[in-house]
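Structure at a glance
Okay, here's what each chain looks like letter by letter:
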Amino acid sequence: AKEHGRDRYHFYTEELNAHALKQLLMEQELRHALQFEEFTLGFQPQVNLTTGKIVSVEALIRWHHPSKGLVMPDSFISVAEETGLINPIGRWVLKNACMQMKMLQDLTGSAIKIAVNLSARQFDDPKLEQSIEEALNETGLEPEWLELEVTESMLMGDIQAVTNKLKRLRQTGVSLAIDDFGSGYSSLSYLKKLPVNALKVDREFVRDIPEDSNDMEITSAIIAVAHKLQLKVVAEGVETAEQKEYLLANQCDFAQGYFFSKPLSFEDLYIYLNEHKFK
Ligand code: C2E
Ligand code: CA
Ligand code: CA
Ligand code: CA
């Protein structure tokens, strides 16, 4: 048994080395990507379920790797987070999201928000407020059009410290949404104390509507409680008309998902907005 244990240890060490090496390579590639602007943003519309109008778009990062082609965020955000590169990448996202939204507003006159995802390390960065103000000042976007998405897990820990941080962010004039709601462990009493504007119901709960009656009840319960706390609710990952109808019938405010649109390039978003303006 001892031998076996040692082999296993050996095996894990090699795995770890392979992992560390892969991470090191990706770190270098990410530095290169930042320097040579290999990132772009996709924009996914969020619609008001009652009016059908687009109220907001979520900025989602894409990496156009010189040899691998399109790389999705799930395969590099965690490395960026572990290596600290998420801070400069996050600043790039903030700045570009604000810049493109400002450009879109100037082109179309539409009054829509841009939502930007924050990672844990960005949230913990004491210079975050400064980065936000810089992005707004440099691009001329008014803060009311910027929304920041934070996940439940980032909000765990010292409630006073978290609340203060959220308050400082709100003082810049931006709004805040809790992303992937329901996937973490935040209690409802905790939620009550947080100065946030909206909740995004995790795609996990929406996916199996209408087949999974538990998911349906959880979703409608989240909506009801959120409304009692004066929060707006966004459903994520809406793919079918049935899901949309269920959410509308249960007073969900906004929805986002392939049923409405996939994440779009800036040009396609511009076209989409023009097409939906006259509906
Ligand atoms: P997220 O914030 O929960 O973003 C929603 C993800 O769900 C996006 O994947 C989006 O393309 C996908 N999605 C939207 N509608 C549907 C649908 O109807 N069905 C399905 N199956 N998927 C849908 P994406 O773009 O691959 O992003 C994955 C995650 O990467 C994001 O999850 C977010 O956590 C992270 N991420 C993306 N961009 C950024 C960024 O700029 N900064 C940071 N820190 N994280 C980012
Ligand atoms: Ca998000
Ligand atoms: Ca989400
Ligand atoms: Ca389920």
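Just so it is clear, the structure is predicted and the values come from calculations on it, not from any experiment.

A look at the coordination of the calcium ion (ligand 3)
Around the calcium ion (ligand 3), the protein contributes the donor atoms Asp179 (OD), Asp180 (OD), Glu236 (OE) and Glu236 (OE), which lie 2.2 to 2.5 Å from the metal centre. Linear spacing of the donor residues for the calcium ion (ligand 3) on their chain is D-D-x55-E. Distance-wise, the calcium ion (ligand 2) is placed 3.9 Å from the calcium ion (ligand 3), both being coordinated by aspartate 179. Taken together, the positions of aspartate 180 in strand 6 (residues 175-181) and glutamate 236 in the loop between strand 8 (232-235) and helix 10 (241-249) put the pair 56 residues apart, joining distant regions of the chain.

Structural notes on the site of ligand 1
Taken together, 23 residues lie around ligand 1, and Gln44, Arg62, Asn117, Glu239 and Tyr258 are the ones closest in. Between ligand 1 and isoleucine 61, the relevant distance is 3.1 Å, taken from a nitrogen atom to a main-chain nitrogen or oxygen of the residue. Contact distances for ligand 1 include 3.2 Å between a nitrogen atom and a side-chain N or O atom of arginine 203. Assessed atom by atom at 2 Å from the grid points, ligand 1 resides in the largest pocket. For the shell around ligand 1, the secondary structure elements donating two or more residues are strand 2 (54-65) and strand 6. It is strand 2 that contributes the most residues to the shell around ligand 1, four residues altogether. Residue composition of the shell around ligand 1, grouped by class: ten nonpolar, five polar and eight charged.

About the thresholds
Within any chain, residue numbers begin from 1 and follow the written order of that chain's sequence. As a convention, the first chain written is A and the first ligand written is 1, with the rest following in written order. Local features in a predicted model are, by the rule used here, given only for residues with pLDDT of at least 70; side-chain atom pairs are given and counted only at 80 or more, and totals for whole chains, interfaces and linings are based on all residues. Water and hydrogen atoms play no part in the side-chain values, which are based on all heavy atoms of the structure. In this analysis a donor is any N, O or S atom within 2.8 Å of a metal ion (3.2 Å for sodium, potassium and calcium), and since water is not included, sites may seem incomplete. We count a stretch as a helix when DSSP gives it H or I for four or more residues in a row; a strand needs E for two or more, and each element gets its number in order from the N terminus. The cutoff for a nearby residue is simple: one of its non-hydrogen atoms must lie within 4 Å of the molecule or strand. Whenever two N or O atoms come within 3.5 Å, that pair is a polar contact, provided that in protein one can donate a hydrogen and the other can accept it, and provided that, for residues adjacent in sequence, both atoms are side-chain atoms. A cavity here means a set of 1 Å grid points, computed over protein atoms only, where a 1.4 Å probe fits but cannot escape. A pocket is an open set with protein on both sides within 12 Å along at least 5 of 7 lines, and lining residues have an atom within 4 Å of a point. Molecule-in-pocket calls rest on the fraction of atoms, with more than half required to lie within 2 Å of the cavity or pocket grid points. Classification convention: Asp, Glu, Lys, Arg as charged; Ala, Val, Leu, Ile, Met, Phe, Trp, Tyr, Cys, Pro as nonpolar; all other residues, Gly among them, as polar.

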